[in-house]
Amino acid sequence: DERVLLVAAAIAAPPLALALLQGSFSLLVTVAMLEVYLALCAGGERAAAAWLVVASIKPQAVLTTGVALVAARRWLVVGLAAAGFVALALVATVVMGPAIWPSYLRFLGVYVGSFDVFSVRPSVMWNLRGTVSLWAGPDPSPATAGLINQIALVAQIAALVAVAWLWRGRWDPG
């Protein structure tokens, strides 16, 4: 019954429907994060690490889980996942050359700080940045856009600190 309810709720969620219609990786990331959780509950550190690496196709999705794993001292999962990340980074470096990393970091800085350029449209996001953007109204000034980005960054850092605090201590899979 629980599985049917979970699947029905997931399919009915508007963000999932949009993701499927747009062909995004959100469904893969959602399944991978669910598998991380199930593997952790079952004591499958290797499987959890492997699924975490799969979910890292969208790095912002695994950041919170990574912080929780570090705070819970799940060192085997963290170590195996880090090894997987390094292996993928090495493959990318061999295939695309070492210049890919400075270029990626520059792009990431521009992308994260952007507002209504590239594919970044905060006014349609279902998160804090989107909500504050809607409050700011249409066509915010560059100063307002910068403030919205700063608010979102501070809130994300606060959330990561809260997750670390909540997951501190001994891991209890039950």
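These numbers were taken from a predicted model, which means no experiment stands behind them.

(A) Seen up close, the packing of aromatic side chains. The tally for this structure, following the rule as stated, stands at 1 aromatic pair. Between Trp-101 and Tyr-104 the ring centres are 6.3 Å apart and the planes differ by 90 degrees, which places this aromatic pair in the edge-to-face class. With a gap of 3 residues between them, Trp-101 and Tyr-104 both fall in helix α7 (residues 100-113), about one helical turn apart. When its relative accessible area of 34% is taken as the criterion, Trp-101 is described as partly exposed. With relative accessibility at 36%, the residue Tyr-104 sits in the partly exposed group.

(B) Expanded view of the side chain of Thr-65. With respect to the helices, strands and loops of the structure, Thr-65 is situated in helix α5 (residues 59-71). Among all residues touching Thr-65, those that are not within four sequence positions of it are Met-33, Val-36 and Leu-52.

(C) Expanded view of the pattern of salt bridges. Using the criterion set out here, one finds 1 salt bridge in the structure. Of the charged contacts in the structure, one is a salt bridge between Arg-74 and Glu-45, with a shortest N-O distance of 2.7 Å. In this pair, Arg-74 is assigned in the loop between α5 and α6 (75-96) and Glu-45 in helix α4 (residues 45-55), connecting sequence segments 29 residues apart.

(D) Up close: unusual backbone geometry. At Arg-73, a position not held by glycine, the phi torsion is positive, near 60 degrees. Counting through the fold element by element, Arg-73 comes out in the loop between α5 and α6. With phi around 55 degrees, Asp-139 is a residue other than glycine that occupies positive phi space. By secondary structure assignment, the location of Asp-139 is in the loop between α8 (128-136) and α9 (142-166).

(E) Inspection of α4 at higher detail. Restricting attention to buried positions, one finds in α4 the residues Ala-48, Ala-49, Leu-52, Val-53 and Ala-55. Within α4, the buried residues cover an arc of 160 degrees as seen down the axis, which keeps them to one side. In this structure, the buried residues of α4 make contact with α3 (26-42), α5 and α6.

(F) How the structure looks around the environment of Trp-167. By the secondary structure assignment, Trp-167 is in the segment after α9. Among the residues examined, Trp-167 registers a relative accessible area of 39% and is labelled partly exposed. For the pair formed by Trp-167 and Thr-65, sequence separation is 102 residues and the distance between their alpha carbons is 10.0 Å. When sequence neighbours within four positions are dropped, the list of residues in contact with Trp-167 reads Ala-68, Ala-71 and Ala-72.

(G) α6, seen in detail. Look at α6: 31 Å from first C-alpha to last across 22 residues, which is about the 32 Å you get at 1.5 Å a residue. Listed in full, the buried residues belonging to α6 are Val-77, Ala-81 and Ala-92. End-on, the buried residues of α6 take up no more than an arc of 40 degrees, which puts them together on one face. More than 90 degrees from the buried face of α6, the exposed residues found are Trp-75, Leu-90 and Val-94. The positive-phi residue at the C-terminal boundary of α6 is Gly-97, with phi of around 90 degrees.

Rules of the game
- Residues numbered from 1 in each chain as written.
- Predicted model: local features only at pLDDT ≥ 70, side-chain atom pairs only at ≥ 80, totals over all residues.
- Heavy atoms only, no water.
- Phe/Tyr/Trp six-rings, centres within 6.5 Å; stacked < 30°, edge-to-face > 60°.
- Helix = DSSP H or I, 4+ residues; strand = E, 2+ residues; numbered from the N terminus.
- Buried < 20%, exposed > 50% of the residue type's maximum accessible area, 1.4 Å probe, protein only.
- Contact = heavy atoms within 4.5 Å.
- Salt bridge = Lys/Arg side-chain N within 4 Å of Asp/Glu carboxyl O.
- Arc of directions from axis to C-beta.
- Expected span 1.5 Å × (residues − 1).

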